[in-house]
Structure formats: C-alpha cells, structure tokens
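Spelled out, the chains give:
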Amino acid sequence: MPLEGVAKPPESPAAPRVNPNVKAAGEEVSINFTGKCERYPNTVASHALLEFARQQHDCEKQNQVQELLFKAYFTDGIYPDVKNLLNIAASAGLDKAAVKKYITDEQVLLSVETKSREWKQKGVKGAYFN
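Predicted model, so just to flag it, every value in this text is computed and none were measured.

Caption draft 1: Inspection of helix α4 (residues 82-91) at higher detail. For α4, every residue scored as buried is listed here: Asn84, Leu85, Leu86, Ile88 and Ala89. Residues of α4 that are buried sit in contact with α2 (44-56), α3 (59-75) and α5 (96-103). Of the residues trailing α4, Gly93 is marked for its positive phi of about 85°.

Structure representation (structure tokens):
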C-alpha cells in the first residue's frame, strides 16, 4: 500500500462506503462508521504510533491513542498521515517531536511491517496495511 493510501471508489447504492452490517454493528455500540475518508489508509505509521504509546507509557495510553485513531478515521474521515498522527498524539498527551522521530524512522517502520508479515504467516488477519 502506498504511503498516501489508495483512493476509494465513489459511493453508490450498489457499493456503499460502509458495509450495512458493519454500520449496524457499530451503531449497537455507539460507533458511527461514516465512510467519510476518501482513501483506504496505509496504517504502518499508525501502528508505529501505537507501539510508541505502549513503549513510552503503557497499555492504557496505547488504548487511548487507538480510540482517537479509530474515531479520526472511521467517524471523522481524517486520513492517518504524519501531520494528523502528530495531532492525535498531542491530543493524547504525547510529545509530538518524539512521536515524529519515531513514526518516521525507517527502521521502526520496517519493524512494524516485519511484525505484520510474521503475524499474517501465523494466520492472524487484520488491517495492518489494508
């Protein structure tokens, strides 16, 4: 997946941005899946941010960041590029300069990609790069 993601096709009645079953399931737990973001994201830097939050703080901070990432993309339609990830990090009380250094470090990003491949080989499925 390219860093800038991939453009989503236009929404239509035959091809809604959000699967009706997913939308209904979200509504049951007060999650508003809007489909507002125009691109499918490359999530490597997002996962690096989550790793940073856990390593530098704890699982509670990681969960806080995850909730903010989820709402930003799925509800507010905010693409997870570096600028937006830094804003999310700051809103969770993380140091923007330290986060920027971490999530743009090529070795960190390579490590995230490697971990994703390893988990996929073990049969774990998810949205690491999708």
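Caption draft 2: Representation of the packing of aromatic side chains within the structure. Evaluated as defined, the whole model comprises five aromatic pairs. With a centroid separation of 5.4 Å and 55° between ring planes, the pair formed by Phe52 and Tyr102 is classed as tilted. With Phe52 in helix α2 and Tyr102 in helix α5, the pair connects residues that are 50 residues apart, well separated along the chain. Both residues of the pair, Phe52 and Tyr102, count as buried. Between Tyr73 and Phe74, the ring centres sit 4.9 Å apart and the planes meet at 85°, which makes this aromatic pair edge-to-face. Take Tyr73: its relative accessible area is 11%, and that puts it in the buried class. Members of the aromatic cluster, connected to one another through ring pairs, are Phe33, Phe70, Tyr73 and Phe74. Here Arg39 stacks its cationic end above the ring of Tyr79, 3.7 Å away from the centre of that ring.

Conventions and cut-offs
- Residues numbered from 1 in each chain as written.
- Predicted model: local features only at pLDDT ≥ 70, side-chain atom pairs only at ≥ 80, totals over all residues.
- Heavy atoms only, no water.
- Buried < 20%, exposed > 50% of the residue type's maximum accessible area, 1.4 Å probe, protein only.
- Helix = DSSP H or I, 4+ residues; strand = E, 2+ residues; numbered from the N terminus.
- Contact = heavy atoms within 4.5 Å.
- Phe/Tyr/Trp six-rings, centres within 6.5 Å; stacked < 30°, edge-to-face > 60°.
- Lys NZ or Arg CZ within 6 Å of the ring centre and 35° of its normal.

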